[in-house]
Amino acid sequence: MSETGWYAQPFRADGGITARGLLSQLGSPSLSPLTLLVREAAQNSWDARLPDQGVVRFRLDLATVGAGHSAAWRRLFAGGSSGTTRSDTMFRPLSQAKSLRYLAISDRGTMGLAGPTRSDAGKTARREWARFVLNSGDRDGGSGSTGGGTFGYGKSALFRMSKVGCVFAHTRFRDDDGRVRSRFIGVAIRESFWDGETRYTGRHWWGLPEAEHCEPLTDAGADAAAHELGIPGFAGEETGTTLVVVDPDLTDPTLPDSDTTPELSVAEAGAYLADAAAWNLWPILLTDRDRRMSVTVTANGVDVPVPDEGSDAALAFFAGAYRQVADGTAQVLSCGKPLRELGHFAHAFTFGALVTSPAARELGIEGAPRHVCLMRGPELVVRYHPGPERSNPDAGYAAVFKVLGDLDETFARAEPPTHDAWEYQQLQGREATFVRTAGRRLKEQCDRLSGAQARKAVKVGTYAMGSVAQRLGHLLAGPGGTGSAVLLSGAHPGTARTGGNAAGPGGQSAGAHPAGPFVAPGSDGPGQDVGGATPGAGAGPGGGAAPGGGRSGVRRPSLIAGPRFEMIDGRPYVVQRVRVHGPDRVEGAVRVLTGDGVAEGTSPTGVTPPEVHGWRLPSDGSLVAGEVFYHAGDATEVDLIVTAVADVLVDISVVGRA
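Analysis parameters
Residues numbered from 1 in each chain as written. Predicted model: local features only at pLDDT ≥ 70, side-chain atom pairs only at ≥ 80, totals over all residues. Heavy atoms only, no water. Helix = DSSP H or I, 4+ residues; strand = E, 2+ residues; numbered from the N terminus. Buried < 20%, exposed > 50% of the residue type's maximum accessible area, 1.4 Å probe, protein only. Contact = heavy atoms within 4.5 Å. Areas by Shrake-Rupley, 256 points an atom, 1.4 Å probe, with all protein chains shown as cover. pLDDT = per-residue confidence, 0-100. Expected span 1.5 Å × (residues − 1). Pairing = 2+ DSSP bridges. Axes fitted to C-alpha atoms, helices over the stretch in contact; angles between N-to-C directions. Core = buried A, V, L, I, M, F, W, Y, C linked by side-chain atoms within 4.5 Å. Phe/Tyr/Trp six-rings, centres within 6.5 Å; stacked < 30°, edge-to-face > 60°.

Student: Can you help me understand the overall build of the chain in this one?
Tutor: Secondary structure assignment for the chain yields 14 helices and 27 strands. In the chain, which comprises 658 residues, the proportion classed as buried is 54%. Restricting the contact set of the chain to residue pairs at least 6 apart, pairs at least 24 apart contribute 71%. Looking at the chain as shown, the accessible area adds up to about 28,000 Å², and 50% of this sits on carbon and sulfur atoms.

Below is the structure:
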């Protein structure tokens with residue numbers, strides 16, 4: 001058995017691909033190395049899932065090599081390549097570095113890298129080893145699934161992520177006889193070079209060098225090598241793969257790329273990886289799926305939370321739309337000529353579910369979502385297709401479009417190597433027509449959801465809801481994106497109307513107008529978003545009520561802006577700021593309206609109607625319970641607090657008495 005070491009690949013008589021050529025196969029991706037790595041690695045792990053495993057466990061461990069393992073790492077990088085006379089080592093900085101970092105990407109519940117260890121071996125059913133370790137762009141010996149990726153071009157994302165172009169692979173699989181086997185190898189992609197009269201491609205392998213290739217360490221030797229380097233191992237007889245990116249590039253993806261762009265800290269990079277996993281993988285992370293993926297992220301051993309639909313309101317809306325697609329209740333989008341169904345489309349209106357994640361911003365989502373998540377067979381995010389904004393910046397829509405299964409391969413061929421777009425220009429004939437038409441249908445849907453089709457869209461004022469709206473985003477949004485209030489020109493002075501907590505993601509309020517509960521005065525229907533609050537028509541400067549509509553001599557309470565949502569003692573309330581005059585007796589009332597603006601006679605069975613909770617003095621936060629508030633001093637501002645009820649349109653009346 002030969003000694004472990006590096007093997008440098010020389011050019012053959014019939015040519016070969018240089019290391020630089022291999023790295024260029026992804027083109028010039030628009031995504032950062034961090035995001036690209038998450039997408040490509042997770043796609044390959046998802047494709048490699050075992051048929052009898054309900055959960056694929058996917059981990060991203062960003063770590064600094066500990067003191068107990070650093071000597072082993074330095075020895076590994078201290079030597080040159082066998083068969084060459086070059087005196088300098090490939091990884092001199094690493095062999096002398098005081099500290100080393102790595103990013104371990106591991107999956108369990110997957111097949112592992114099986115198959116021959118030589119690329120020229122005979123035809124076999126499984127060739128994952130050759131596809132990842134040896135070949136480039138090789139789809140032979142795949143899992144047979146409608147995969148989102150292969151160990152082909154996408155693997156160059158791993159090497160791009162490494163500052164030194166080096167990745168280690170530790171894998172476990174079952175051979176044809178059912179035995180659990182292990183393999184360990186290092187792969188490096190460097191610059192091509194001449195050594196004497198021999199030219200080398202710049203591709204290197206660490207393992208057991210032989211005359212014309214490098215064999216991996218196997219079984220106990222493979223597990224021992226990984227253990228010596230401190231690389232996460234395998235439990236029992238589980239199978240899967242751990243890929244270790246050496247010296248990862250943590251350049252801050254939120255800043256313009258340059259030679260002086262600072263790097264993220266390990267903790268910051270861990271948080272970015274967690275966000276990238278959430279926004280790129282969420283469809284397969286949903287816990288109610290029969291087969292799903294779980295994601296764990298750590299930074300120097302500390303767990304980093306991965307956002308999900310339970311912690312992020314915007315993701316919850318996308319998940320709600322996805323479930324409509326999954327259960328068959330979504331809309332079908334079709335091509336007219338030739339007549340062909342293309343896929344299923346569903347949406348959810350949002351309000352207050354604002355996206356602030358830097359990883360989501362990289363994908364084009366910021367603020368209120370106005371996007372369609374595109375996906376096909378593997379149910380991974382291809383991209384977020386942007387649509388027009390709604391008229392209120394806090395209102396949006398989250399939609400999902402999934403291609404029909406029998407068109408999956410067509411749309412797969414329309415994707416670039418990074419799998420982040422559908423480009424019909426890559427296709428011809430009917431296939432190009434289907435992809436191009438899908439884009440048109442999506443634009444039509446986005447125009448409809450945004451209100452861009454309306455002739456008279458009126459933009460209302462903007463009032464930020466802040467963290468309360470973000471936390472309540474999954475409760476506040478209904479089909480019209482309501483969640484705060486607008487004072488309509490037809491409202492009496494001293495009243496306000498508010499859309500209460502409406503349906504959750506994908507929900508539909510009973511009796512609601514197709515464009516939402518509110519239609520702006522003077523508009524012709526869809527296109528008006530109500531979510532910010534503005535003083536009603538007739539209000540004087542500062543929000544005071546105009547004369548008219550009441551008994552002479554009564555100084556009316558003045559509405560200040562519009563209602564807003566607040567959490568008080570863990571419960572949601574609608575809060576309306578009111579200016580009162582002394583001496584004054586003010587009464588607050590609340591009633592449920594129908595979609596036509598008529599008061600409900602009785603509350604639906606089992607539903608508690610909204611009610612006035614009381615009045616709050618902003619000066620000291622004290623609360624006066626009940627509907628009536630007495631004020632004897634100078635003019636001041638108070639808050640009317642009303643209980644919030646789901647799926648209702650509410651009319652809040654504030655009346656001053658003599």
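Student: Even after reading the chapter, I still don't get the confidence of the model for the chain, so can you show me in this structure?
Tutor: Averaged over every residue, the pLDDT of the chain is 79; residues scoring 70 or more account for 75%. Per-residue pLDDT, averaged within each element of the chain, yields its smallest value for helix H14 (residues 473–476) (37) and its largest for strand S12 (residues 292–299) (98). Across residues 141–151, where pLDDT falls below 50, the model places 35 contacts with residues more than four positions away in sequence or in other chains.

Student: Would you take a moment to explain helix H2 (residues 33–47) for this structure?
Tutor: The periodicity of an α-helix, 3.6 residues per turn, causes residues three or four places apart in sequence to face the same way. The end-to-end C-alpha distance of H2 is 21 Å, a good match for the 21 Å that 15 residues give at a rise of 1.5 Å each. For H2, the tally of buried residues reaches 14 of 15 residues, placing the bulk of the element in the interior.

Student: What should I look at first to understand the environment of Val 575 in this one?
Tutor: Structurally, Val 575 is set in strand S21 (residues 571–580). Overall, Val 575 belongs to the buried group, its relative accessible area being 0%. Measuring from C-alpha to C-alpha, the distance between Val 575 and Ile 641 comes to 4.7 Å, with 66 residues separating the pair along the chain. Apart from the residues lying within four places of it in its own chain, the contact partners of Val 575 are Gly 562, Pro 563, Arg 564, Glu 566, Arg 616, Asp 639, Leu 640 and Ile 641.

Student: Just checking my understanding: could you explain the sheet that holds strand S17 (residues 383–386) for this structure?
Tutor: Within a sheet, each strand pairs with its neighbour through backbone hydrogen bonds, oriented either parallel or antiparallel. With respect to topology, five strands assemble into an open sheet ordered S14-S15-S18-S16-S17, the strand pairing being mixed. The open sheet has two edge strands, strand S14 (331–336) and S17, and neither has a second partner. For this sheet, the mean inter-axis angle between neighbouring strands, taken without regard to orientation, is 30°. When strand S16 (residues 370–375) meets S17, the two strands line up antiparallel, connected through four bridges. Within the sheet, the bridge partner assigned to His 371 lies in S17 and is Pro 386. Relative to S16, helix H8 (residues 266–285) is tilted by about 55°, and along the sheet it contacts S16, S17 and strand S18 (395–403). In this fold helix H9 (residues 313–326) packs onto strand S15 (339–351), S16, S17 and S18, with an angle of close to 150° to the strand it touches most, S15.

Student: How should I be thinking about the nonpolar core in this particular structure?
Tutor: When a protein is soluble and globular, its nonpolar side chains tend to lie buried together. Judged by nonpolar contacts, the single largest core of 50 residues is most densely connected at Leu 60, Leu 103, Ile 105, Leu 281 and Met 293. Ranked by the residues each element gives to this core, the list is headed by H8, at 10 residues. Phe 317, Ala 319, Ala 360 and Val 400 belong to the second largest nonpolar core, which has 30 residues in total.

Student: Quick question: what am I supposed to make of unusual backbone geometry here?
Tutor: The phi angle of most residues is negative, glycine excepted, and most peptide bonds adopt the trans form. Cis geometry is found at the peptide bond from Lys 337 to Pro 338, where omega equals 0°. Examined against the element boundaries, Pro 338 turns out to sit in the loop between S14 and S15. Phi is positive for Asp 219, which is not a glycine, with a value near 50°. Among the residues examined, Asp 219 registers a relative accessible area of 26% and is labelled partly exposed. Its identity is not glycine, yet Asn 300 carries a phi of approximately 50°, on the positive side. Within the secondary structure, Asn 300 is located in the loop between S12 and strand S13 (302–304).

Student: Mind showing me how you'd approach the environment of Pro 216 here?
Tutor: In this structure, Pro 216 sits in the loop between strand S9 (214–215) and strand S10 (217–218). Under the relative-accessibility criterion, Pro 216 is labelled buried at 3%. Taking the C-alpha atoms as reference points, Pro 216 and Ala 169, 47 residues apart in sequence, are found 9.6 Å from one another. Other than its neighbours up to four places away in sequence, Pro 216 contacts Thr 117, Trp 129, Arg 183, Phe 184, Ile 185 and Leu 208.

Student: Before we go on, may I ask you to explain the sheet that holds strand S26 (residues 636–643) in this structure?
Tutor: Reading across from one edge, S20-S21-S26-S23-S24 is the order of the five strands in this open sheet, with antiparallel pairing throughout. Strand pairing shows two members of the sheet lacking a second neighbour, strand S20 (558–568) and strand S24 (623–625), which therefore form its edges. Strand after strand, the sheet turns through a mean of 25° between neighbouring axes, direction not considered. With eight bridges joining them, S20 and S21 adopt antiparallel strand pairing. Opposite Ile 568, over in S21, you have Arg 571 as the bridge partner.

Student: Is there a simple way to think about the pairing of strand S11 (residues 240–246) in this case?
Tutor: Put simply, side chains in a regular strand alternate between the two faces of the sheet. Among the seven residues of S11, seven are classified as buried, and the element is accordingly described as predominantly covered. The side-chain alternation of S11 yields two buried faces, one formed by Gly 240, Thr 242, Val 244 and Val 246 and the other by Thr 241, Leu 243 and Val 245. Alignment of strand S4 (residues 101–108) against S11, held across seven bridges, turns out to be antiparallel. Looking at S11, one finds that Asp 107 is bridged to Thr 241. Bridging between strand S5 (residues 166–174) and S11 involves six bridges; their strand directions are antiparallel. Following the sheet pairing, Val 167 is matched in S11 by Val 245.

Student: Would you take a moment to explain the packing of aromatic side chains for this structure?
Tutor: Aromatic rings in a pair are described by how distant their centres are and how their planes are angled relative to each other. Here the structure, examined in full by the defined rule, presents 18 aromatic pairs. Plain terms: the ring middles of Phe 77 and Phe 168 are 6.2 Å apart, the flat faces sit at 55° to each other, and that makes the pair tilted. Of the two residues, Phe 77 sits in helix H3 (residues 67–78) while Phe 168 sits in strand S5, which places them 91 residues apart along the sequence. In this pair, the class of Phe 77 matches that of Phe 168, namely buried. When the centroid spacing of 4.8 Å and the interplanar angle of 70° are considered together, the rings of Phe 411 and Trp 422 count as edge-to-face. Residue Phe 411 is located in helix H11 (residues 408–413), and its partner Trp 422 is located in the loop between H11 and helix H12 (429–450); the two are separated by 11 residues in the primary sequence. A relative accessible area of 0% means that Phe 411 is categorised as buried.

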